[in-house]
Every structure is written in structure tokens, then in C-alpha cells.
Amino acid sequence: MADLSFLVNADPGVIDDIYEKYRQQPDALDAGWRRFFEGFEFAQSLNGALPQQTPEEFEKEFKVIKLIEAYRQRGHLFTKTNPVRKRRDYGGKLTLENFDLSEKDLDQVFQAGSRVGIGPATLREIIQLLDETYCHSVGVEWIFMRDPKVLEWMQERMESSRNRRHFTYEAKRHTLTKLTQAVILEKFLHQRFVGQKRFSLEGLETFVPAMDALVEHGAQLGIRDFVIGMAHRGRLNILTNVLDKDYRHIFNEFEGKQYNDAPFSGDVKYHLGHSVDKQTRAGLPVHLTVMPNPSHLEAINPIVAGVCRAKGDTRHHRDYRKVLPILVHGDSAIAGQGIVYELLQMSQVDAYKTGGSVHIVLNNQVGFTTNYIEARSSTYCTDVAKTTLSPVFHVNGDDVEAVIYTIELALEFRQEFQRDVFIDILGYRKHGHNEGDEPRFTQPVLYKAIALHADPMQIYAQKLADEGSFPADESKEIEKAFRARLEADFKSAKEVSETMAPSSMKDRWEGLRFSAVDDFLKSPVTGVELKDLKRIAQAITRLPEDKKFINKVERIFADRRKMITDGRFDWAMGEQLAYATLAEEGYVVRLSGQDSKRGTFSHRHAMVRVEDSDEEYYPLQNISKKQAPVEIYNSILSEYGVMGYEYGYAMSTPRALVLWEGQFGDFYNGAQIIVDQFLAGAEQKWRRANGLVLLLPHGSEGQGPEHTSCRVERFLELCAAGNMQVVAGTSPANFFHVLRRQLHRPFRTPLVVLTPKSPLRHPLCVSPIEEFGPEKSYQEVLDDAWTTPKQVRRVVLCMGKFYYDLVKKQRDADRKDVALIRLEQIYPLPTPQLEAALARYPKAELVWAQEEPENQGCWPFLNRKFDLATLRVISRPEFCTPSVGFPALHDQELMNLVNKVFEF
């Protein structure tokens, strides 16, 4: 679409040039110019030949065009979208005088009407259309978008009367019914459960009929899975009035009744999720999910996106038009929480695209107590949308038909262009942050206006009565019937002593279960027949002969082929054999993280690039014709968004191995919210299992306070009731088995792996091929095979990279009086395996040795688990960072620490 703002004082020669171009190549101009000249020629065919020179009236056409463009570009600043506040004055109003036009021009016919789809029209008619389109209950920001096809589509849909939503009597009745349910439910809860928190939707109840319309219209557009991520406000209303959750269950949750399935501890009612299979009014089958979520605003967003990608990949054959992520934001949260930006930057990246999310802002115009002008610097809370050229609709939350029209238009945009779209519903919050809060402490003027403001149901019922389409007594009957239903459900709920627990072991989870304490006592067999292992190893180390790779790549793959011959595999081969053998068994493997294709330490090379080319080759995707997909992605430079996304993907694909890798272990703390609120607690809070694997490089190697520790102490602090597994690998075979174990158990629990850095190339960090073979399994504890128990005076428990520092000293000094036992699985603590190993050294002193400071690493956890009379620690002194920054000081500390382990 051309920018015509410069043509107000147009040079006639410029106009003639554009017109001549139109006559010769009409398709080279945008649709608006074509319509303009088509209308102009049509008018001239009626009135005579085209003029040789552009007259004054013709130049005025372009003043009208500038007015049209101004409405499109700035009309959203002058809308009637705020139901309780006067809009700020942005200047540059859309008055005739500002465009060198006057009232005497209002009844003059202009060809510029063609640019808004109505053909030659008076200026009055043009302004009326523009005002109704851009400055009433709906405002839209879209001119900043760059794709001509998108701009033309938006213009056509916004300005063409034939695309406007016309509500039939049945549609109006249904809309009023849904709006009545939303309003009356909140009033009912407020009366029956006085003072209890519910985070009411009051002030934005039009959201419920809007969501109802979104599902109905979305199903007609081909969507079959709707996944909703939202905070607490309005959740109870959506769960019941859109997802059909039984009102009695909500009432029982208010009463504090416990779930009828007790192995989990639960959460507050406005954090819980729900899923339902239902049919739309048109008879189309859909699946709706509201995801459970914590109080951490916007944290659910990447999880929703990951769930939708997984559904699109595995259920809908990568047709993402069949799956819709719906992200519901508050105005303060969308402007203030960085995860919104992270996910937007992921939205068009191949590894993470979902076909676009529909973002709905429930705009209360206030945070907890913070005014909107204190909550952001941008004009709108939705201005982050411009980073990905996503259109933004602003709509008055009191105008339910405008809200529905906007939702449906936004949905059509998403389906057409597979991109994000934003709807900002401006309303208010009837009460304070919660129902027990006093909002007049901080917003006395606003809440005086709110107290006098009619609710959306009253506003719509009056509108219908005024236009004569719906009598007032019929509206009252709808309300009366719904109140009667709530009263009946409230009475019957009192007769039930417990409420229903949410179930997650359905659909793709059929055949799996939650873990039990005994499940972690022994690992299942995960070995592979050696002939199959060798065949697969050959496949993943073979490069196509018709492609040329750089010499270093050729050498790496030649070295890997030699490992097959020698029968000894390093860490990288152990890892890739795990992925490859799982893929051969039909399990999907998905790994994403920063630089994961090559690996931070240049060890993985899961993707190699053809020399002098951008062509990529993935050995793991070329094992056999029967294999499942193995997908390795480099992520954007994000931890919070990407880890959350992979957690969501794993939630929806329990029979896939889903991994997130940190570039360095300590970088995971950028995603601490995902770890604390989801990995650690989802099963207990929401009865949601997950098998996500975190790969976190860990080890003190003189690289400074950062890039050293994955903060294992923080994970261990969160460990309880078998909620996750924490392991520290020193053996390629053990890494192979622990990855395969993740899918060969009948349950799913998150797995945190402390992966090596320097040991990746350590000569002792190899495993014989027999350890990968049949009947083999993960070893939670690795005993010292080099020493003789009778000679041992000290047993040193250790883990990870520090073992290789200790074993060098042990071998170099021939210290057979010190046994090194590796604790491979830290949590759940493998007590039977530890007891069996220690029984071999009944008279030896027992110590725990770690390279981390005493207040970090595994010691704080082991300190709670062991009798201090039998176990003491050798470590660096407690410190405020994981390590020192000067390499020489680090080396000195390490030498002293290793020597101390062998001094007694």
C-alpha cells in the first residue's frame, strides 16, 4: 500500500506519472491506487474526456486521500474505547482544517471514496465510514505492517461493509445469554462466598461471550485444539461458562473440600486448569484446555506455545492452523513481563512457530494498585506487538458486539497469515486486586466512576430493548433461569463431601502413571543388542559421499567410526547413540538450546554444514526409514522462554524425549520461574507429570564465577517426594542409559543432568561398547574398580568433573588406600546402591569431597541425608560465588583441595 501523505500539495506531474503507470501496468500499483483511478476513469466516462492538466478539484482529491490515510494511521488515538475514563489528548486531531478541507467540501463527490471501497462518494460519506471503522468502539493499529498483502487484507476487512458482523436475533440472544452467565456468576459468588478471593471478571464480562465466539468461529475456520493460558482474573468464569466445568466443583473448591484422589497437595482454585471435548453449536468437534498456572504472570505463555507445537506436530501433521494458542494478559503484565517479548521473538522461528497466537488483553487500566501511566512508558500496553509486526485491535469492553466482531476478525487474520495478533479489551476492575482489597485508597476518582457504571449485561440488554430486537422481559427471563440453575447446583454441591481431582493421565498419557517411592530404587534394563548398536553407530557416523565437508568435520566423523572399531565410545557418541536408538524404537527426540546443533564445546556436531554452502546435514535424521524424527534446534538467546516452551512440548508428548540444554549450567537461572513453579511443583499442585530433560554443563575449570556451576544446590533444595531426578554423569554409557531410562519407565519425571565440559575429551571419560549392551542399565553409584577394599583407609564420595581431578591424583600417586565412589544419581538418593558399595569398606573413613564451596554443591543436601558422625565434607570454604575469577588462584585452590582429599 502506497504512503500518500506527501501528496497533499501534490505536483501535477507526479500524479500524471502515477496515472500513466496505472494505464500501462495497473498491477504494479497497490489496490487503493487502482480503485482510485478506476473510479476516476468511470466518473470521467460519464462526464467527458480526461483533463489534460490536474485541476484544483483533482488536487483536493489527494487532500481527502491524506485524510483517509490519517484515519488508518492515527484513528486508534481518537476512539471511544474507554468505558470509564476520558482518553488522553494526543493532538493532531482528524479535523477538516488539519487537511486543508472545510465544511463546504462535505457534500462534494470525491473519487477517493474508491480507496475505502465505496466508490465515488461525498466527503461526508467517506468520513462517516472512516469514523465508524476506526474511531468508535474499535481502534486498530496496522499501518506499520510491511507486507503489501497483509496491508491490503487488513484494509479490505476493516473498511468493507460486507465483511462486518451482522448479528441475527439468534446471535443476539446467544450473546446476551453468555453475557448473563458471566455477570450473574460473579454476583452469585460474591454473595455466597463473601470476602473470598476469586479474582472477579467484573468489568470485563464481555470476555466470556468473546471466548465463546472465538471457539465457534475458530472451529468453522478449521481449528480443532484450543489451548488457553491465562492468569487468575476471570479464570473461574472461563472454566465454567466456556469449558463447561461443573459449577458444583467450583462451589466445593470455595468450601475448601479436598480432592477425591489424595496423592497430591493441590492449589488454589484460580490456578487450576481444565480440559473438555465438546461440540460447537454447528456440530464441530473441538478440544479446549485451560492450562494450570502459578501466580507468576505470563509464565504460562511459553508452556502454552510448546503444548500447541507438540499438538500440531504429533496430532495434526504439522498443520498449525488446527491448533490455536490463546494467551490472555493483563495490561500491566503484558507491558512489564519480559517473557512476552521472548515468546514473540520465538514466534516466527522455525523451531518454535505455532502458526501464531491470539493475544487477548483484559485491560483493567490498573495493576495491583499501580495506575497505567506508572506501569509503562509506551502509549499502549500492547506496543510490544510492533516488534513482530502484529496487528493490534483496541476495543471497548462494554460493547459486546464490537468485542465479538474484533475477536472474529483477529482470528481470521491469524488463520490467513499464521502470525500473532493482539486484541486489547478496555474495561475496568469492579473490585480491588482481589475482593477483599480497597481500591479507593489508590484510585478514588476512577472507582467513583466505576461505582456508577452499569455492567455489560445491563448495557447490552438496554441496547437490545432500545433497538426493538429483544424485549426487556425476555432478558429478565434469561437471568432468572440462570440464577435458578446456580441455586440448584449450589444446593446439590453441599451434599458432596469432596470435589473432583483434575486428571492428566488421559489421551496421550494412557498407559502411564504417576511415580511411586519404590520406582526409584532400581533402574530398568535399557541396553541394546550390540549388533543393532553397531549398525546404528555406523549410520550416525556416515557422511554422504556426494557432499564435501570441511576437513575438521571429516576427521571428527572418522574418529567416531574408529570408536566403533575400537569398541569404546566417548561422551558425544554415548549421547547420540541414546537419541538414535530411541528413534529406532519409534520415540521422537527433540533437543533445543543455545548452540545445541554443534554443542557449546564443539562436541556434538548433530548438524554439519556442507562446505561452501548453507546446506545442513543431520546424521541422526538418516538412520533408517523406520526411525522417528530426531530434531535438534539452535534456540534464540533465551532461557526462560525456551525452557518453558520445551516443558510445554514435553507435557503434550510423554512418549518423546524432550531436552533443553543450557549453554552453560548457570544460565538456567534465567528460567528459575519455570524450574520453581513447573518442574518442581506441577505434579503436586496440578497433577501434571512431565518428562523434560535439562542438560546443564557443570564444573569448576577456572573460567570465573560464571560458566562454572549449574547451582545444583538449588535443584536439590527443591527435591522432595520424588518430584525430579538429579544426576551427574561421569560415564558415557551411564549417560546413554539415563536418557533411555527416561522413556523406558511407566512414568515421567523431570531429569536434570549435570553434563561435563573438560571431561568431554578426557581420555578416561570413555565406556566400552559392552556397557551399552543387552541386560545393562543405569548405574546410580559407580564403585572404585582400581582399588582393593582391604587396603582402603578412606572412601571418598564424589561426583562429576571433580572425580577426574581426584582420579588423576589417585593414579599418579598410586594411592590405593583411597577409594573413589561416584554418586551418579544424587536425587532420589540411591540408598540401597550406596549401602551396598560402602559395605565393601567397613573400616574406612567416609568423606564427601566436592569442588564447590561448602555452602553450595551437593553438601547442603547430603548434610541433611547422612548422619554427621559418619560423613564429613572436604570442599572449598563457603563463598558468595561459585568460584574465584583469577585462573592462577583457581588452579592453586584446586591443587590444595585435591591434596587435602588424600591427606590423612
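Residues numbered from 1 in each chain as written. Predicted model: local features only at pLDDT ≥ 70, side-chain atom pairs only at ≥ 80, totals over all residues. Heavy atoms only, no water.

1. Some details on the overall build of the chain
(1) Moving on: Counting secondary structure elements, the chain contains 29 helices and 26 strands.
(2) Moving on: In terms of principal-axis extent, the alpha carbons of the chain reach across some 110 × 75 × 50 Å.
(3) Moving on: Going through the 904 residues of the chain one by one, you find that 60% of them count as buried.
(4) Moving on: When contacts within the chain are restricted to residue pairs at least 6 apart in sequence, long-range pairs at least 24 apart make up 80% of them.
(5) Moving on: Of the roughly 36,400 Å² of accessible surface on the chain, 50% is carried by carbon and sulfur atoms.
(6) Moving on: When the 115 basic and 125 acidic side-chain charges of the chain are each reduced to a single mean position, those positions are 5 Å apart. (Helix = DSSP H or I, 4+ residues; strand = E, 2+ residues; numbered from the N terminus. Buried < 20%, exposed > 50% of the residue type's maximum accessible area, 1.4 Å probe, protein only. Contact = heavy atoms within 4.5 Å. Areas by Shrake-Rupley, 256 points an atom, 1.4 Å probe, with all protein chains shown as cover. Lys, Arg positive; Asp, Glu negative; His and termini not counted. Charge placed at Lys NZ, Arg CZ, Asp CG, Glu CD.)

2. Description of the confidence of the model for the chain
(1) Moving on: Summary statistics for the chain give a mean pLDDT of 92 and a share of 93% for residues scoring 70 or more.
(2) Moving on: Predicted confidence for residues 1–10 stays below pLDDT 50, and this span has 26 contacts to residues more than four positions away or in other chains.
(3) Moving on: Taken together, the stretch residues 46–53 has pLDDT below 50 and engages in 7 contacts with residues farther than four places along the chain or on a different chain. (pLDDT = per-residue confidence, 0-100.)

3. A short note on the packing of aromatic side chains
(1) Moving on: In the structure shown here, the tally under the stated rule is 25 aromatic pairs.
(2) Moving on: Look at phenylalanine 193 and phenylalanine 254: their rings are 4.5 Å apart centre to centre, the planes differ by 15 degrees, and that puts the pair in the stacked class. Pair noted here: phenylalanine 193 is in the loop between helix 6 (169–192) and helix 7 (207–220) and phenylalanine 254 is in helix 9 (residues 247–255), with a separation of 61 residues, a long-range link. The pair phenylalanine 193 / phenylalanine 254 is uniform in exposure class, with both members buried.
(3) Moving on: Ring-pair connections join several aromatic residues into one group, and the members of that group are Phe188, Phe193, Phe251, Phe254 and Phe490.
(4) Moving on: In this structure, lysine 269 is placed above the aromatic ring of phenylalanine 254, and the distance from its NZ or CZ to the ring centre is 4.4 Å.
(5) Moving on: In this structure, arginine 822 is placed above the aromatic ring of tyrosine 803, and the distance from its NZ or CZ to the ring centre is 4.1 Å. (Phe/Tyr/Trp six-rings, centres within 6.5 Å; stacked < 30°, edge-to-face > 60°. Lys NZ or Arg CZ within 6 Å of the ring centre and 35° of its normal.)

4. Quick word on the nonpolar core
(1) Moving on: Judged by nonpolar contacts, the single largest core of 103 residues is most densely connected at Leu214 and Ile360.
(2) Moving on: Broken down by element, this core gets its largest block of residues, 11 residues, from helix 14 (residues 400–417). (Core = buried A, V, L, I, M, F, W, Y, C linked by side-chain atoms within 4.5 Å.)

5. Some remarks on the pattern of salt bridges
(1) Moving on: Applying the stated criterion across every chain yields a total of 55 salt bridges.
(2) Moving on: Aspartate 817 is the salt-bridge partner of arginine 815, the closest N and O atoms lying 2.9 Å from each other.
(3) Moving on: Here aspartate 817 falls in the buried class, since its relative accessible area comes to 15%.
(4) Moving on: Shared partners join several salt bridges into a network, and the residues in it are Glu69, Arg72, Arg115 and Glu159. (Salt bridge = Lys/Arg side-chain N within 4 Å of Asp/Glu carboxyl O.)

6. A word on the environment of glutamate 255
(1) Moving on: Counting through the fold element by element, glutamate 255 comes out in helix 9.
(2) Moving on: Measuring from C-alpha to C-alpha, the distance between glutamate 255 and glutamate 498 comes to 9.6 Å, with 243 residues separating the pair along the chain.
(3) Moving on: Each residue touching glutamate 255, except ones within four places of it in the same chain, is listed here: Phe193 and Lys494.

7. Here's the deal with the state of the cysteines
(1) Moving on: Per the stated rule, a full pass over the model turns up 0 disulfides.
(2) Moving on: Note on cysteine 798: no disulfide assigned, nearest cysteine sulfur contributed by cysteine 858 at a separation of 10 Å.
(3) Moving on: Cysteine cysteine 858 remains unbridged, with the sulfur of cysteine 710 as its closest cysteine sulfur at 8.7 Å.
(4) Moving on: Of the residues examined, cysteine 858 reaches a relative accessible area of 0% and is grouped as buried. (Disulfide = S-S within 2.5 Å.)

8. Section: the sheet that holds strand 21 (residues 781–782)
(1) Moving on: Ordered by their spatial adjacency, 5 strands build an open sheet running 21-23-22-25-26, and the pairing between neighbours is mixed. Sheet topology places strand 21 and strand 26 (872–876) at the edges, where each strand pairs with a single neighbour.
(2) Moving on: Of the pairings in the sheet, the one linking strand 22 (residues 794–798) to strand 25 (residues 845–853) comprises 4 bridges and is parallel in character. Along strand 25, the bridge assignment pairs valine 795 with leucine 846.
(3) Moving on: In the packing of helix 26 (residues 802–812) onto the sheet, the strands contacted are strand 22, strand 23 (818–823) and strand 25, and the crossing angle to strand 23 comes to about 165 degrees. (Pairing = 2+ DSSP bridges. Axes fitted to C-alpha atoms, helices over the stretch in contact; angles between N-to-C directions.)

9. Here we look at the side chain of histidine 76
(1) Moving on: For histidine 76, the position within the fold is in the loop between helix 3 (56–74) and strand 1 (109–110).
(2) Moving on: Exposure remark for histidine 76: the relative accessible area of 8% places this residue in the buried category.
(3) Moving on: A polar contact of 3.2 Å, which involves the side chain of histidine 76, links it to the backbone oxygen of glutamine 73.
(4) Moving on: For histidine 76, the contacting residues outside a window of four places in its chain are Arg87, Tyr134, Gly139, Val140, Glu141, Tyr380 and His394. (Polar contact = N/O pair within 3.5 Å; in protein donor to acceptor, adjacent residues only side chain to side chain.)

10. Some details on the packing of helix 6 against helix 7
(1) Moving on: Helix 7 packs onto helix 6 with a crossing angle of 130 degrees between their chain directions and a minimal axis gap of 8 Å. As the angle between them shows, helix 6 and helix 7 are arranged oblique. The element helix 6 and its partner helix 7 pack so that their crossing is right-handed. Of the residues in helix 7, those touching helix 6 at His174, Thr175, Lys178, Leu179 and Ala182 are Val208, Pro209 and Asp212.
(2) Moving on: Class assignment of the residues belonging to the contact of helix 6 with helix 7 gives a composition of 4 nonpolar, 2 polar and 2 charged. (Parallel < 35°, antiparallel > 145°, perpendicular 65-115°, else oblique. Left-handed = near helix turned anticlockwise from the far one by under 90°. Nonpolar A, V, L, I, M, F, W, Y, C, P; charged D, E, K, R; others polar.)

11. Focus: the pairing of strand 3 (residues 138–141)
(1) Moving on: The alternating pattern of strand 3 places Val138 and Val140 on one face and Gly139 and Glu141 on the opposite face, and all of these are buried.
(2) Moving on: Examined bridge by bridge, strand 3 and strand 9 (residues 392–396) share 4 bridges and lie antiparallel to one another. If you follow glutamate 141 over to strand 9, its bridge partner there is valine 392.

12. What about helix 14?
(1) Moving on: An ideal rise of 1.5 Å per residue puts 26 Å on 18 residues; helix 14 measures up with 26 Å between its terminal C-alpha atoms.
(2) Moving on: For helix 14, the tally of buried residues reaches 16 of 18 residues, placing the bulk of the element in the interior.
(3) Moving on: Note on helix 14: the residue one or two positions beyond its end, glutamine 418, has a positive phi of about 55 degrees. (Expected span 1.5 Å × (residues − 1).)

13. Concerning unusual backbone geometry
(1) Moving on: Cis geometry marks the peptide bond from tyrosine 827 to proline 828, where omega comes out at -10 degrees.
(2) Moving on: Summarising the element assignment, proline 828 is placed in the loop between strand 24 (825–827) and helix 27 (831–838).
(3) Moving on: Of note, histidine 317 is a non-glycine position whose phi angle comes to about 55 degrees, a positive value.
(4) Moving on: By relative accessible area, which is 73% here, histidine 317 ends up exposed.
(5) Moving on: A positive phi is found at glutamine 418, a non-glycine position, where the angle reads about 55 degrees.
(6) Moving on: Looking at where glutamine 418 falls in the secondary structure, it is placed in the loop between helix 14 and strand 10 (421–426).

14. As for the sheet that holds strand 4 (residues 225–229)
(1) Moving on: Read from one edge to the other, the open sheet built from 8 strands follows the order 3-9-10-8-7-4-6-5, with strand pairing classed as mixed. A single partner strand is all that each edge strand has here, and the edge strands are strand 3 and strand 5 (274–279). Going across the sheet, the axis of each strand differs from the next one's by a mean of 20 degrees, ignoring polarity.
(2) Moving on: In terms of strand pairing, strand 9 meets strand 10 through 5 bridges, oriented parallel. Residue pairing across strands places asparagine 396 opposite leucine 426, the latter belonging to strand 10.

15. Considering helix 5 (residues 148–159)
Because an α-helix packs 3.6 residues into every turn, residues spaced three or four apart end up facing the same way.
(1) Moving on: In this model, helix 5 (12 residues) spans 16 Å end to end at C-alpha, consistent with the 16 Å of a helix rising 1.5 Å per residue.
(2) Moving on: Of all the residues in helix 5, the buried ones are Val150, Leu151, Trp153, Met154, Gln155, Met158 and Glu159.
(3) Moving on: The N-cap of helix 5, judged by a side-chain oxygen 2.9 Å from the amide nitrogen of lysine 149 a few residues on, is aspartate 147.

16. Comments concerning the pairing of strand 25
(1) Moving on: Burial within strand 25 is extensive, with 8 of its 9 residues counted as buried.
(2) Moving on: In terms of strand pairing, strand 25 meets strand 26 through 4 bridges, oriented parallel. Directly across from tryptophan 848, in strand 26, lies its bridge partner valine 873.

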